[in-house]
Amino acid sequence: MKDTRWLSEIELDAWMAYVTATHLLERRVEEQLKADSGLTHAQYEILAKLSASPERRMRMTELARKVVVSKSGLTYQIGQLEKLGLVERTTCPSDERGVLAVLTDEGLRCLERTAPGHVAVVRAFLIDQLTPEELQAMARILSKAAAVMTAAPGHSTEAPAVAPRRGTGRRTTPGPPPPTPHVR
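Keep in mind that what you see is a predicted model, and the values were worked out from it rather than measured.

1. Remarks on the packing of helix 3 (residues 60-67) against helix 4 (residues 71-83)
Contact pair helix 3 / helix 4: the axes reach a minimum separation of 9 Å and the direction vectors enclose 100°. By the angle class used here, helix 3 and helix 4 are roughly perpendicular. On helix 4, the residues that touch Met60, Thr61, Leu63, Ala64 and Val67 of helix 3 are Lys71, Leu74, Thr75 and Ile78. Residue classes in the contact of helix 3 with helix 4 are distributed as 6 nonpolar, 2 polar and 1 charged.

Below you can see the structure in the form of structure tokens.
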């Protein structure tokens, strides 16, 4: 224990503010999603990632990386979404061992109904509380932290996209729904 680098007062304040804000925002997002669609945040993210992919489909392994969950965790969530008729699984045409998750038309409609409330919560409790400069700093800081965690030994999923899209200055998620058929 004598080699432990304990957090300084300012480090502890930053850490606790991050943890508290993250938990509070996650609770608000979960409440909104449950009320509007019965989905969990993880399920919403799966639908959003699928809606943004070509033909609304993606290999399960790639999807697990993009939503930053384990393969088994994704398999469970996809099973729940299949029961609701929002997602289907199909064999990958180029590799019979590969499995694709496919967003159904009902899944897209669910996402389109749910996205406005989701964006409203994210805006009300985070985005609209910060200046453009604070948002840029937050994106830089969290991207830096995500890069460190992604590069750490034993890490098997990629970090979520938080960098602005080129030329737009807008975030990739959450955001307003892009023109159909993709909703993020």
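2. Observations regarding helix 1 (residues 9-37)
Helix length check: helix 1 (29 residues) gives 42 Å between terminal C-alpha atoms against 42 Å at 1.5 Å per residue, within 8%. Those residues of helix 1 not exposed but buried are Val19, Val29, Gln32 and Leu33. Elements in contact with the buried residues of helix 1: helix 2 (41-51) and helix 5 (105-125). A positive backbone phi angle near 80° is found at Gly38, which sits one or two residues after helix 1.

3. Re the sheet that holds strand 3 (residues 95-103)
Overall, antiparallel pairing links the 3 strands, which are arranged 1-3-2 in an open sheet. Here the strands that pair on one side only, and so sit at the sheet edges, are strand 1 (57-59) and strand 2 (87-92). Sheet twist, expressed as the average angle between the axes of neighbouring strands with direction ignored, equals 30°. Sheet analysis places strand 2 next to strand 3, joined by 6 bridges and oriented antiparallel. Bridging from a neighbouring strand, Thr90 pairs with Leu100 of strand 3. In the packing of helix 3 onto the sheet, contacts are made with strand 1, strand 2 and strand 3, and the angle to strand 1 comes to roughly 95°. Across the sheet, helix 4 is in contact with strand 2 and strand 3; its angle to strand 2 comes to roughly 120°.

4. What to know about the pattern of salt bridges
Tallied over the full model, the rule gives 8 salt bridges. Through salt bridges with shared partners, one network takes in Arg59, Asp95 and Arg97.

Conventions adopted
- Residues numbered from 1 in each chain as written.
- Predicted model: local features only at pLDDT ≥ 70, side-chain atom pairs only at ≥ 80, totals over all residues.
- Heavy atoms only, no water.
- Axes fitted to C-alpha atoms, helices over the stretch in contact; angles between N-to-C directions.
- Helix = DSSP H or I, 4+ residues; strand = E, 2+ residues; numbered from the N terminus.
- Parallel < 35°, antiparallel > 145°, perpendicular 65-115°, else oblique.
- Contact = heavy atoms within 4.5 Å.
- Nonpolar A, V, L, I, M, F, W, Y, C, P; charged D, E, K, R; others polar.
- Expected span 1.5 Å × (residues − 1).
- Buried < 20%, exposed > 50% of the residue type's maximum accessible area, 1.4 Å probe, protein only.
- Pairing = 2+ DSSP bridges.
- Salt bridge = Lys/Arg side-chain N within 4 Å of Asp/Glu carboxyl O.

That is the geometry; function is a separate question.
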